Amino acid sequence: MRLSLATSLLVLTGLSACTVGPDFKPPVAETPADWVTKPPKEGKLDSKVTTESADAVAWWDAFNDPELSSLIKRAHDANPDLQQAALRIEEARAQLKSVDAKNLPTVNEDSSYARTRLSPNGALDVFGGGGGGITAAQAAAAGIPASAIPGSFNNIPPFDLFQTGFDASWEIDLFGHIRRQVESAAAQTQGLEEARHDAMISVYAEIARDYITLRGVQRLIAITNDNLRAQQDAYNLTHAQAQGGETSNLDVESASAEVATTAAQLPALQDQEARLINGLSQLLMLDPGALEGELAPVKPQPVNPKFVAIGLPSDLAKRRPDIRRAETALHAATADIGVATAELYPKLSMSGSLGLQAIRFGKLSDWGSKFYNFGPALSIPVFNGVTYANIEVQEVRQKEAALNYKTTVLGALHDVENSVSSYGAEQVRQHSLQKAAEANEHSLSLARQRYQAGLSSFLDVLDAERRLYASQTDVVRSSVTIGTNLIQIYKALGGGWNLENPDQPMQAAKADAPTSQQVAAATQAPAAPAPAK
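The text that follows walks through the structure, step by step, so that each part is easy to find. (Residues numbered from 1 in each chain as written. Predicted model: local features only at pLDDT ≥ 70, side-chain atom pairs only at ≥ 80, totals over all residues. Heavy atoms only, no water.)

**Structural notes on the overall build of the chain**
Reasoning step 1: Scanning the chain from terminus to terminus reveals 14 helices and six strands.
Reasoning step 2: When the 533 residues of the chain are sorted by exposure, 39% land in the buried category.
Reasoning step 3: Residue pairs at least 24 apart in sequence account for 85% of intrachain contacts in the chain once pairs closer than 6 positions are excluded.
Reasoning step 4: Summed over its atoms, the accessible surface of the chain is roughly 29100 Å², and 56% of this surface lies on carbon and sulfur atoms. (Helix = DSSP H or I, 4+ residues; strand = E, 2+ residues; numbered from the N terminus. Buried < 20%, exposed > 50% of the residue type's maximum accessible area, 1.4 Å probe, protein only. Contact = heavy atoms within 4.5 Å. Areas by Shrake-Rupley, 256 points an atom, 1.4 Å probe, with all protein chains shown as cover.)

Here it is, written out as structure tokens:
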């Protein structure tokens, strides 16, 4: 018997090591060997994109702005979106424990008490024939010992029944039905962790965009105030000249209209400034205006680094959380095929109970009051069309997950290419805008000199002022666009979370620290600094 039991255990152990369904193999991201975007053919680039290994963990430190770095690090613990993502991970981990617990036996302790009276017209009526008791002949025919026959079942009084004991059951995972469920749940949990990393990237990028935009708006407010003062001076001059008969009231009214038009720009800019400060406060889960004292003082816009390392396309699959999440979704879908396939195979479970039962409470502790039962139960499926259909459903979902992985990788490649292209193009555009602003500033100076000399009308001065204000505004907006395009590059690269310690605050990265190859390339021809091709 012992040999037979040992043999049975070995067989069960061998079967429990069998896991049906396909095993997951991590997909290989199909990426080109190099980038296809080339730097602009003409124009100067103050910040060059290189294919050196990207160090984009704490990319915001590359702007060398302590205020920006402080805001992002505070958002790591305070942002409500990140807190919600962390709670989803905790929920998934708890669900994973619940699934994994199916591998363990289930044990329940049950205790009960019942006051019982047997009905003579119920099951006992089989022997009593109307509840009137049975004869010795009837008992003998039924195989009931004479000693067990009461005078009449009607005379059986109500009695107490006390019972306590343990029930246990255990499903032996022969073909990996539970193991595949655990595998799927673990992959889904990992997917939520990657979703949190993706949320981190989005939140940090949003903070940086709002901060750079805020500094740009503050520059626009300063430029508007400067132009307003200059236009007010022009109005005062024309007003004095009109009183002296040197010019007409038309020039005075034109100057007054220009002052009013420029002044009308300020409320919208100030409103935008207030909204950006409130938006940053909300991202840090603070009350409206909580950052007013910190952000209201005007500071320069963060300066872009001289070199922006983006690495190679093959690095994206390791850094981009959305690609990593797509991989976990494919893993879970593959495991779900095994869960569905296991329904075609037998299920073996063990169950039993052990306890004490007595009609007197004092007898409950007697060894003679014990009862028990135990044994295996084997369920062998013969045919179930729903199971086959469910396997087909899971196989289709796996194909969808595989396709989603490919499209996610492709989308990531396009994100980087487009953001790099926009970053270079806007830098070239800004240089042209700066030249236009310088020319308009010189044009305004000449227009004022000609007007004061009586060689041109005041209309020329107004036109020159409008062109200068517009070009100065364009330069500032272009500077903001360059900064936000750079942020988009870092976001497209999947920067902003720590691969080794994703739940820990990020450490400062070295900003503006080019490699020796970059330094050498910067002193050579424009094509030398390992540009993104």
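**Examining the pattern of salt bridges**
Reasoning step 1: Counted by the stated rule, this structure contains 21 salt bridges.
Reasoning step 2: Arginine 466 is the salt-bridge partner of aspartate 463, the closest N and O atoms lying 3.0 Å from each other. Placement of both aspartate 463 and arginine 466 in helix 13 (residues 458-492) is noted, with a separation of three residues, approximately one turn of the helix.
Reasoning step 3: What makes arginine 466 partly exposed here is its relative accessible area of 40%.
Reasoning step 4: Residues joined in a network through salt bridges with shared partners are Glu67, Arg74, Glu294 and Lys299. (Salt bridge = Lys/Arg side-chain N within 4 Å of Asp/Glu carboxyl O.)

**Here we look at the packing of aromatic side chains**
Reasoning step 1: Tallied over the full model, the rule gives eight aromatic pairs.
Reasoning step 2: Centre to centre, the rings of tryptophan 59 and tyrosine 490 are 5.4 Å apart; their planes meet at 10°, and the pair counts as stacked. Here tyrosine 490 lies in helix 13 and tryptophan 59 lies in the loop between strand 1 (48-50) and helix 2 (66-78), a separation of 431 residues in the sequence. Taken as a pair, tryptophan 59 and tyrosine 490 share a single burial class, namely buried.
Reasoning step 3: For the ring pair tryptophan 60 and tyrosine 204, a centre distance of 5.3 Å and an interplane angle of 70° mean the geometry is edge-to-face. Of the two residues, tryptophan 60 sits in the loop between strand 1 and helix 2 while tyrosine 204 sits in helix 6 (residues 177-243), which places them 144 residues apart along the sequence. Grouping residues by exposure puts tryptophan 60 and tyrosine 204 together as buried.
Reasoning step 4: An aromatic cluster is built from Trp59, Trp60, Tyr204 and Tyr490, whose rings are joined through pairwise contacts. (Phe/Tyr/Trp six-rings, centres within 6.5 Å; stacked < 30°, edge-to-face > 60°.)

**Looking at the environment of isoleucine 359**
Reasoning step 1: Relative to the helices and strands, isoleucine 359 resides in the loop between strand 5 (347-358) and strand 6 (370-379).
Reasoning step 2: With relative accessibility at 47%, the residue isoleucine 359 sits in the partly exposed group.
Reasoning step 3: Remark: the alpha-carbon pair of isoleucine 359 and leucine 161, spanning 198 residues in sequence, is separated by 4.4 Å.
Reasoning step 4: Leaving out residues up to four positions away in the same chain, isoleucine 359 has contacts with Phe159, Asp160, Leu161 and Phe162.

**Looking at empty space enclosed by the protein**
Reasoning step 1: This model, assessed by the stated rule, comprises one cavity of 30 Å³ or more.
Reasoning step 2: By volume, the largest cavity amounts to about 60 Å³.
Reasoning step 3: Taken together, Glu171, Ile172, Asp173, Leu174, Phe175, His177, Ala342, Tyr345, Pro346 and Lys347 make up the lining of the largest cavity.
Reasoning step 4: Residues that form the lining of the largest cavity fall into these classes: six nonpolar, one polar and three charged. (1 Å grid on protein atoms, 1.4 Å probe; cavity = no way out; pocket = protein on both sides within 12 Å on 5 of 7 lines; lining within 4 Å. Points joined across faces, edges and corners; volume = space filled by probe spheres on them. Nonpolar A, V, L, I, M, F, W, Y, C, P; charged D, E, K, R; others polar.)

**Observations concerning the packing of helix 3 (residues 80-100) against helix 6**
Reasoning step 1: Between helix 3 and helix 6, the shortest axis-to-axis distance is 9 Å and the interhelical angle comes to 175°. By the angle class used here, helix 3 and helix 6 are roughly antiparallel.
Reasoning step 2: Looking at the contact of helix 3 with helix 6 residue by residue, the class counts come to 16 nonpolar, two polar and six charged. (Axes fitted to C-alpha atoms, helices over the stretch in contact; angles between N-to-C directions. Parallel < 35°, antiparallel > 145°, perpendicular 65-115°, else oblique.)

**Quick notes on unusual backbone geometry**
Reasoning step 1: Unusually for a residue other than glycine, asparagine 64 sits at a positive phi of about 55°.
Reasoning step 2: Mapping asparagine 64 onto the fold places it in the loop between strand 1 and helix 2.
Reasoning step 3: Classification of asparagine 64 by relative accessible area gives exposed; the value is 53%.
Reasoning step 4: Even without a glycine there, the phi angle at methionine 285 is positive, about 60°.

**Notes on the packing of helix 6 against helix 8 (residues 265-283)**
Reasoning step 1: Taken N-terminus to C-terminus, the directions of helix 6 and helix 8 make an angle of 160°; their axes are 9 Å apart at the nearest point. Between helix 6 and helix 8, the angle falls in the class roughly antiparallel. At the point where helix 6 passes helix 8, the crossing takes the left-handed sense. (Left-handed = near helix turned anticlockwise from the far one by under 90°.)

**As for the sheet that holds strand 6**
Reasoning step 1: An order of 2-3-5-6 is seen for the four strands of this open sheet, with the pairing classed as antiparallel. In the strand order of this sheet, the two ends are held by strand 2 (106-116) and strand 6, each with one partner. The mean angle between the axes of side-by-side strands here comes to 15°, regardless of whether they run parallel or antiparallel.
Reasoning step 2: Pairing analysis gives 10 bridges linking strand 5 to strand 6, with the strands arranged antiparallel. Residue serine 353 lies in a different strand from strand 6, and its bridge partner there is asparagine 373. (Pairing = 2+ DSSP bridges.)

**Re the environment of leucine 486**
Reasoning step 1: Tracing the sequence through the fold places leucine 486 in helix 13.
Reasoning step 2: Judged by relative accessible area, leucine 486 falls into the buried class, the value being 0%.
Reasoning step 3: For the pair leucine 486 and glycine 424, spaced 62 residues apart in the sequence, the C-alpha separation amounts to 9.6 Å.
Reasoning step 4: The residues touching leucine 486, leaving out its near neighbours within four places in the chain, are Phe63, Asn304, Pro305, Val308 and Tyr423.

**Some points on the side chain of asparagine 227**
Reasoning step 1: By secondary structure assignment, the location of asparagine 227 is in helix 6.
Reasoning step 2: Engagement of the side chain of asparagine 227 in a polar contact is seen with the side chain of glutamine 472, the distance being 3.1 Å.
Reasoning step 3: Contact partners of asparagine 227, with chain neighbours within four places excluded, come to Thr262, Glu465, Tyr469 and Gln472. (Polar contact = N/O pair within 3.5 Å; in protein donor to acceptor, adjacent residues only side chain to side chain.)

**Details of the pairing of strand 5**
Reasoning step 1: Relative to strand 5, strand 3 (residues 159-172) runs antiparallel, the two being bridged by 11 bridges. Bridged to phenylalanine 162 within strand 5 is alanine 358.

**Structural notes on helix 2**
Reasoning step 1: With 13 residues, helix 2 extends 18 Å between its outermost C-alpha atoms, agreeing within 8% with the 18 Å of an ideal straight helix rising 1.5 Å per residue.
Reasoning step 2: Summarising the contacts, the buried residues of helix 2 are in contact with helix 3, helix 6, helix 8 and helix 9 (292-295).
Reasoning step 3: Two or three places before glutamate 67, at the opening of helix 2, aspartate 65 has a side-chain oxygen 3.0 Å from that residue's backbone nitrogen. (Expected span 1.5 Å × (residues − 1).)

**So, the nonpolar core**
Reasoning step 1: One finds Ile207, Ile310 and Ile489 to be the most contacted residues of the largest nonpolar core, which totals 61 residues.
Reasoning step 2: Taken together, the elements giving at least two residues each to this core come down to helix 2, helix 6, helix 8, helix 11 (321-341), helix 12 (385-452) and helix 13.
Reasoning step 3: Examining the composition of this core, we find that 16 residues originate from one element, helix 6, more than from any other.
Reasoning step 4: In contact with isoleucine 207, other than residues within four places in its own chain, are Leu68, Leu71, Ile72, Ala75, Leu280, Leu283 and Leu284.
Reasoning step 5: Membership of the second largest hydrophobic core comes to 10 residues, among which are Ala255, Tyr451, Phe458 and Ala464. (Core = buried A, V, L, I, M, F, W, Y, C linked by side-chain atoms within 4.5 Å.)

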